[in-house]
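What follows is the residue order along each chain.
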Amino acid sequence: MQIGTTLTNYIIENQRHVRASGEFTGLLNDITVACKKIADLVNKGDLINVLGSTESENVQGETQKKLDVIANDLMIDALRHNGHIAGLASEEMAGIYHLPPGKLRGSYLVLSDPLDGSSNIDVNVSVGTIFSILRAAEGGGEPEVADFLRPGTEQVAAGYCLYGPSTLLVLTTGQGVSMFNLDRAVGEFLLTREGVRIPPDCREFAINASNQRFWDAPVQRFIGECAQGRDGPLGRDFNMRWVASMVAEVHRILIRGGVFLYPSDRRLAAAGKNGKLRLMYEANPMAMIVEQAGGAASTGHQRILEVEPQDLHQRVPVILGSRNDVERAVAYHAEAPTAIG
Ligand SMILES: O=P(O)(O)OC[C@H]1O[C@](O)(COP(=O)(O)O)[C@@H](O)[C@@H]1O
Ligand SMILES: [Mg+2]
Ligand SMILES: [Mg+2]
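What counts and what doesn't
- Residues numbered from 1 in each chain as written.
- Chains lettered and ligands numbered in written order.
- Predicted model: local features only at pLDDT ≥ 70, side-chain atom pairs only at ≥ 80, totals over all residues.
- Heavy atoms only, no water.
- UniProt positions renumbered as here; feature names shortened; annotations may be inferred.
- Helix = DSSP H or I, 4+ residues; strand = E, 2+ residues; numbered from the N terminus.
- Rg over C-alpha atoms; globule rule 2.2 N^0.38 Å.
- Buried < 20%, exposed > 50% of the residue type's maximum accessible area, 1.4 Å probe, protein only.
- Areas by Shrake-Rupley, 256 points an atom, 1.4 Å probe, with all protein chains shown as cover.
- Lys, Arg positive; Asp, Glu negative; His and termini not counted.
- Charge placed at Lys NZ, Arg CZ, Asp CG, Glu CD.
- Core = buried A, V, L, I, M, F, W, Y, C linked by side-chain atoms within 4.5 Å.
- Near = heavy atom within 4 Å.
- Polar contact = N/O pair within 3.5 Å; in protein donor to acceptor, adjacent residues only side chain to side chain.
- Nonpolar A, V, L, I, M, F, W, Y, C, P; charged D, E, K, R; others polar.
- Pairing = 2+ DSSP bridges.
- Donors = N, O, S within 2.8 Å, 3.2 Å for Na, K, Ca; no water.
- Contact = heavy atoms within 4.5 Å.
- Axes fitted to C-alpha atoms, helices over the stretch in contact; angles between N-to-C directions.

- The name an unreviewed UniProt entry assigns to the chain is Fructose-1,6-bisphosphatase class 1, from the organism Wenzhouxiangella limi.
- The UniProt entry for the chain carries the following text under Pathway (unreviewed entry): "Carbohydrate biosynthesis."
- One UniProt comment on the chain, placed under Catalytic activity (unreviewed entry), says "beta-D-fructose 1,6-bisphosphate + H2O = beta-D-fructose 6-phosphate + phosphate".

Okay, structure coming up:
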């Protein structure tokens, strides 16, 4: 496809071979409208007083940032009018969003992390929006939570919008990974990269090292060997990065390779959490993107996309990125039984 093609034309062309109805293109347009509005607010920040926290907590028990709530509202508003969705779920809502009576119901379900990297909002570090798209149950009835609890392999599309020095939309519909830059002058996402591939071997790992004392043996070994660099069994040096925005970490890995880990650990397990990141609107969409770019995504014990969901907001350990390094981490989990999860 020609670089510079608009997202809309790109999707229309891509959907031509599956004789899509145009509803999917419409849905993606709705999502990008929300992302453009969020990008504008993130960019203006203190100018329009959208930084800082609210008094309220989300279902995860986390204090919501103002932009967490605003981004969620913008996503709802962009999706509820055009008859492309049957329902919506998100990090910022305990249950699913039901369309008001009389609203046209569509064929898709959307799960989203309206603002990923919330701890970075107030310090002007890259944040993003993550989304996962599933087909709604046939028959057009009112969706229930169970309709959303499908393994990541059933996603029809996944993507994220990264609000960084430039605003980027990264998307897969199951035919590889494409990237689009927002050209603010024309208000359009324009194609900049297609068929993105992650190098199978990497020299960069990303993990929150402040949790090291809580990690289990396989993660200690994996990170230990990376840190030993050329003096260790791997015989090559690694650099380390930690942005604390999953979207930014995954984007870096798509561009130059790397491995990102947010494992479960004793601290999280003690709090009854199997990791920090959420399966349905963080791990699953990112795993689909990473796999479509030739990488791998695992819990340490299982391919993330094959995890059978039990809950809208369940957490999973995440190890993703350059295929050979992820497989090495998985092998260490197989060799050394973990004390956690
Ligand atoms: O603060 P920590 O422990 O480094 O965790 C950072 C991780 O938490 C997250 O911010 C969680 O996502 P939200 O900001 O959407 O809640 C990830 O983006 C990031 O990878
Ligand atoms: Mg998040
Ligand atoms: Mg979030």
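From this point, the discussion proceeds with the structure in view.
### Comments concerning the overall build of the chain
- The helix and strand tally for the chain stands at nine helices and 15 strands.
- Relative to its length of 341 residues, the chain is compact, with a C-alpha radius of gyration of 19 Å against a globular reference of 20 Å.
- Within the chain, the fraction of its 341 residues that count as buried is 57%.
- If you sum the accessible surface of the chain, you get close to 14,000 Å²; carbon and sulfur atoms cover 49% of it.
- In the chain, 32 positive and 40 negative side-chain charges are present, and the distance between their average locations comes to 4 Å.

### Description of the nonpolar core
- Ranked by size, the top nonpolar core spans 48 residues in total, and within it Tyr-160, Leu-254, Phe-260, Met-286, Val-318 and Leu-320 carry the most contacts.
- Ranked by residue count, the leading element in this core is helix H8 (residues 279-292), at nine residues.
- With 42 residues, the next largest nonpolar core counts Ile-76, Leu-88, Leu-115 and Phe-131 among its residues.

### Re the site of ligand 1
- Close to ligand 1 lie 18 residues; Asp-116, Gly-117, Ser-118, Met-246 and Tyr-262 are nearest.
- Contacts to ligand 1 include Lys-276, whose side-chain N or O atom sits 3.1 Å from an oxygen atom.
- With respect to ligand 1, the side chain of Arg-278 contributes an N or O atom lying 3.0 Å from an oxygen atom.
- Sorting the residues of the shell around ligand 1 by element identifies strand S5 (108-116) and strand S13 (259-262) as the ones contributing at least two each.
- Among the elements that take part in the shell around ligand 1, S5 stands out by supplying three residues, more than any other.
- By residue class, the composition of the shell around ligand 1 is seven nonpolar, four polar and seven charged.

### Quick word on the pairing of strand S10 (residues 188-193)
- Note that strand S9 (residues 177-183) and S10 share five bridges and pair antiparallel. Residue pairing for S10: Phe-180 is matched across the bridge by Leu-191.
- Here S9 folds back onto S10, and the loop between the two strands holds four residues, one of which, Gly-187, carries a positive phi near 70 degrees.

### With respect to the coordination of the magnesium ion (ligand 2)
- Taken together, the protein ligands of the magnesium ion (ligand 2) are Asp-113 (OD), Asp-116 (OD) and Glu-282 (OE), with distances of 1.8 to 2.0 Å.
- As a motif over one chain, the donors of the magnesium ion (ligand 2) read D-x2-D-x165-E.

### Topic: the sheet that holds S10
- Read across the sheet, eight strands follow the order S4-S3-S5-S6-S7-S8-S9-S10 without closing on themselves; strand pairing throughout is mixed. Both outer strands of the open sheet, strand S4 (97-98) and S10, are each paired with one neighbouring strand and no more.
- Taken together, the two bridges between strand S3 (residues 85-90) and S4 define a ladder with antiparallel strand orientation. Counterpart to Gly-87 in the pairing with S4 is His-98.

### What about the pairing of strand S7 (residues 157-163)?
- Across the seven residues of S7, seven count as buried, placing the element largely inside the fold.
- A two-sided burial pattern is seen for S7, the buried positions comprising Ala-157, Gly-159, Cys-161 and Tyr-163 on one face and Ala-158, Tyr-160 and Leu-162 on the other.
- Note: strand S6 (residues 127-135) against S7, seven bridges, orientation antiparallel. Bridging from a neighbouring strand, Gly-128 pairs with Leu-162 of S7.
- Pairing of S7 with strand S8 (residues 167-172) involves six bridges; the strand directions are antiparallel. Of the residues in S8, the one forming a bridge with Ala-158 is Thr-172.
- Linkage of S7 to S8, two consecutive antiparallel strands, is achieved through a turn of three residues.

### Points about the sheet that holds strand S15 (residues 318-321)
- The sheet built from five strands is open, its strands ordered S12-S11-S13-S15-S14 with mixed pairing. Bordering the open sheet on either side are strand S12 (239-240) and strand S14 (296-298), each of which pairs with just one other strand.
- Two strands pair when backbone bridges link them, and strand S11 (residues 204-206) and S12 are joined in this way by two bridges, in the parallel orientation. Of the residues in S12, the one forming a bridge with Phe-205 is Met-240.
- In the packing of helix H6 (residues 246-256) onto the sheet, the strands contacted are S11, S13 and S15, and the crossing angle to S15 comes to about 35 degrees.

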